[in-house]
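Structural overview
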Amino acid sequence: MNDTLLWWVTCGFDAVSLIAEAAGNAGSAPSEIIGYWNTLKKRPGYFGEYSFSPNDHDGYNVKDVVMSVANSGRDGTFDLAPGYG
């Protein structure tokens, strides 16, 4: 668990990739990007798998997110919150 801050990098990379992919495949208008994303199901990324639908624009399943102890940061890592392991 010595890379718990790496998610910032992977999430940012995935966000840019999702935008570029949508613009390249559907166009750059917001409605075209949203329409393209609404077709994605379990699209692999570095941070995790992304899924969208017309009713769910979160993209990332919250059950796959873990919490860390805020005041435990040392050397770029945090301790996992109780209940995660």
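Residues numbered from 1 in each chain as written. Predicted model: local features only at pLDDT ≥ 70, side-chain atom pairs only at ≥ 80, totals over all residues. Heavy atoms only, no water.

Some points on the side chain of D14
For D14, the location among the structural elements is in helix α1 (residues 6-26). Notably, D14 is buried but unbridged: the nearest opposite-charge side chain belongs to R43, and the N-O separation is 4.9 Å. In this view, D14 contacts G45, Y46, F47, G48 and Y50; residues no more than four positions away in its chain are not counted. (Helix = DSSP H or I, 4+ residues; strand = E, 2+ residues; numbered from the N terminus. Buried < 20%, exposed > 50% of the residue type's maximum accessible area, 1.4 Å probe, protein only. Lys, Arg positive; Asp, Glu negative; His and termini not counted. Salt bridge = Lys/Arg side-chain N within 4 Å of Asp/Glu carboxyl O. Contact = heavy atoms within 4.5 Å.)

Considerations on the side chain of S72
Looking at the secondary structure, you find S72 in the segment after β3 (56-60). At a separation of 2.8 Å, a polar atom in the side chain of S72 contacts the main-chain amide nitrogen of D79. Sequence-distant contacts of S72, that is, excluding residues within four places in its chain, are made with T77, F78 and D79. (Polar contact = N/O pair within 3.5 Å; in protein donor to acceptor, adjacent residues only side chain to side chain.)

Structural notes on the pattern of salt bridges
Counted according to the given criterion, the structure contains one salt bridge. As a salt-bridge pair, R43 and E21 come within 2.7 Å of each other at their nearest N and O atoms. Taken together, the residues span a long stretch of sequence, with R43 in strand β1 (residues 43-44) and E21 in helix α1 at a distance of 22 residues. Overall, R43 belongs to the buried group, its relative accessible area being 15%.

Some remarks on the packing of α1 against helix α2 (residues 30-37)
Contact pair α1 / α2: the axes reach a minimum separation of 9 Å and the direction vectors enclose 105°. Regarding the angle of α1 to α2, the classification is roughly perpendicular. Along its contact with α1, which presents L18, I19, E21, A22, A23, N25 and A26, the element α2 presents E32, I33, Y36 and W37. (Axes fitted to C-alpha atoms, helices over the stretch in contact; angles between N-to-C directions. Parallel < 35°, antiparallel > 145°, perpendicular 65-115°, else oblique.)

Some details on the nonpolar core
Listed in full, the eight residues of the largest apolar core are L18, A22, I33, Y36, L40, Y50, F52 and Y60. Of all the secondary-structure elements, those providing two or more residues to this core are α1, α2 and β2 (49-53). (Core = buried A, V, L, I, M, F, W, Y, C linked by side-chain atoms within 4.5 Å.)

Description of the environment of P82
In this structure, P82 sits in the segment after β3. With a relative accessible area of 77%, P82 lands in the exposed category. As a C-alpha pair, P82 and D64 span 18 residues in sequence and 15 Å in three-dimensional space.

Some words on the sheet that holds β3
Within the open sheet, the three strands sit side by side as β1-β2-β3. Their pairing is antiparallel. Each edge of the sheet is formed by a strand with only one pairing partner; in this case those strands are β1 and β3. (Pairing = 2+ DSSP bridges.)

Brief notes about the layout of surface pockets
Volume-wise, the second largest pocket comes out at about 200 Å³. Around the second largest pocket, the lining is made up of 15 residues, and of these E49, S51, G59, Y60 and N61 lie nearest the centre. For the lining of the second largest pocket, the elements supplying multiple residues, two or more each, are β2 and β3. Looking at which element gives the most residues to the lining of the second largest pocket, the answer is β2, with five residues. Residues that form the lining of the second largest pocket fall into these classes: four nonpolar, four polar and seven charged. (1 Å grid on protein atoms, 1.4 Å probe; cavity = no way out; pocket = protein on both sides within 12 Å on 5 of 7 lines; lining within 4 Å. Points joined across faces, edges and corners; volume = space filled by probe spheres on them. Nonpolar A, V, L, I, M, F, W, Y, C, P; charged D, E, K, R; others polar.)

Just geometry here; none of it tells us what the structure is for.
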